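# A closer look at the structure
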Amino acid sequence: MRPESDALIVIDVQRDFCAGGALAVPDGDAVVPPINALMEDFATVILTQDWHPPRHSSFASEHPGKAPFERVEMDYGPQVLWPDHCVQGGDGAAFHPDLRTDPAQLVIRKGFRRAIDSYSAFFENDHATPTGLEGYLRERGVTRLVMAGLATDFCVQFSALDAARRGFTVTLREHACRGIDIDGSVDAARAAMREAGVRLET
Ligand code: VGL
Ligand code: ZN
């Protein structure tokens, strides 16, 4: 068992990001067994859950003439548009049925404000509005984070970059992550994370 200073953060392992889901990540289900196994090693396990109200501004269906995976400029910066996904209380927002959730001490829900998306577990996409996770970790004396989940190039990357910038020691378990990969975005994410000092571990 790892010391209390180490936390496992499991990003968005939800039905909509897995096979048959509204925004299925290729091979997304494959992260479940290694993440379940990782939980054995950690005294502190935190899950995140993408949790959008109906008609969320990141949904392409809210932007006439736009299709999923196109980009728009929001007042907080660039935003990729997505199929409707992870709607609060809906089946697609539930955790993958095989993901162990009992060991989790905290579930961080994010993306719950209609006008702004939140990829990162730490800050919304304006990079300024906090989710509260940093305060929770600091109060509990957590300094080292191991991250895994979906999707490598969006919510995992944004979470890892924010954590590294805020001074946490961050390790990404790549065998327990999968990406969406839009125009090379997984390779770009890996380069950005490495540049920021995130350890990429296979
Ligand atoms: C995610 C796109 C939209 C993710 C969430 O979990 O990576 N990606 N919402
Ligand atoms: Zn989302």
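Report follows, based on the coordinates.

## Considerations on the packing of aromatic side chains
- Counting across every chain of the model gives six aromatic pairs.
- Ring centres 6.4 Å apart and planes at 75° place the aromatic pair Trp-82 and Tyr-119 in the edge-to-face group. Pair noted here: Trp-82 is in the loop between β4 (77-80) and β5 (106-110) and Tyr-119 is in the loop between β5 and α2 (133-139), with a separation of 37 residues, a long-range link. Neither Trp-82 nor Tyr-119 differs from the other in exposure class; each is buried.
- Each ring, one from Tyr-119 and one from Phe-154, has its centre 5.5 Å from the other, and the planes form 70°; the classification is edge-to-face. Of this pair, Tyr-119 sits in the loop between β5 and α2 while Phe-154 sits in helix α3 (residues 152-165), and the two are 35 residues apart along the sequence. Each member of the pair, Tyr-119 as well as Phe-154, carries the same accessibility label: buried.

## Focus: the sheet that holds strand β8 (residues 199-201)
- If you trace the six strands from one edge of the open sheet to the other, you get β5-β2-β1-β6-β7-β8, paired in parallel fashion. Here the strands that pair on one side only, and so sit at the sheet edges, are β5 and β8. The sheet shows a mean angle of 25° between the axes of neighbouring strands, taken without regard to direction.
- On the sheet, α3 packs against β1 (6-11), β5, β6 (144-150) and β7 (169-178) and is oriented at approximately 170° with respect to β6.

## Examining the layout of surface pockets
- There is about 290 Å³ of room inside the largest pocket.
- Around the largest pocket sit 17 residues that line it, and Arg-71, Val-80, Tyr-119, Phe-154 and Phe-158 are the ones nearest its centre.
- When contributions to the lining of the largest pocket are tallied by element, the ones reaching two or more residues are β4, α3 and α4 (185-195).
- Looking at side-chain class alone, the lining of the largest pocket contains nine nonpolar, six polar and two charged residues.

Calculation criteria
Residues numbered from 1 in each chain as written. Chains lettered and ligands numbered in written order. Predicted model: local features only at pLDDT ≥ 70, side-chain atom pairs only at ≥ 80, totals over all residues. Heavy atoms only, no water. Phe/Tyr/Trp six-rings, centres within 6.5 Å; stacked < 30°, edge-to-face > 60°. Helix = DSSP H or I, 4+ residues; strand = E, 2+ residues; numbered from the N terminus. Buried < 20%, exposed > 50% of the residue type's maximum accessible area, 1.4 Å probe, protein only. Pairing = 2+ DSSP bridges. Axes fitted to C-alpha atoms, helices over the stretch in contact; angles between N-to-C directions. Contact = heavy atoms within 4.5 Å. 1 Å grid on protein atoms, 1.4 Å probe; cavity = no way out; pocket = protein on both sides within 12 Å on 5 of 7 lines; lining within 4 Å. Points joined across faces, edges and corners; volume = space filled by probe spheres on them. Nonpolar A, V, L, I, M, F, W, Y, C, P; charged D, E, K, R; others polar.

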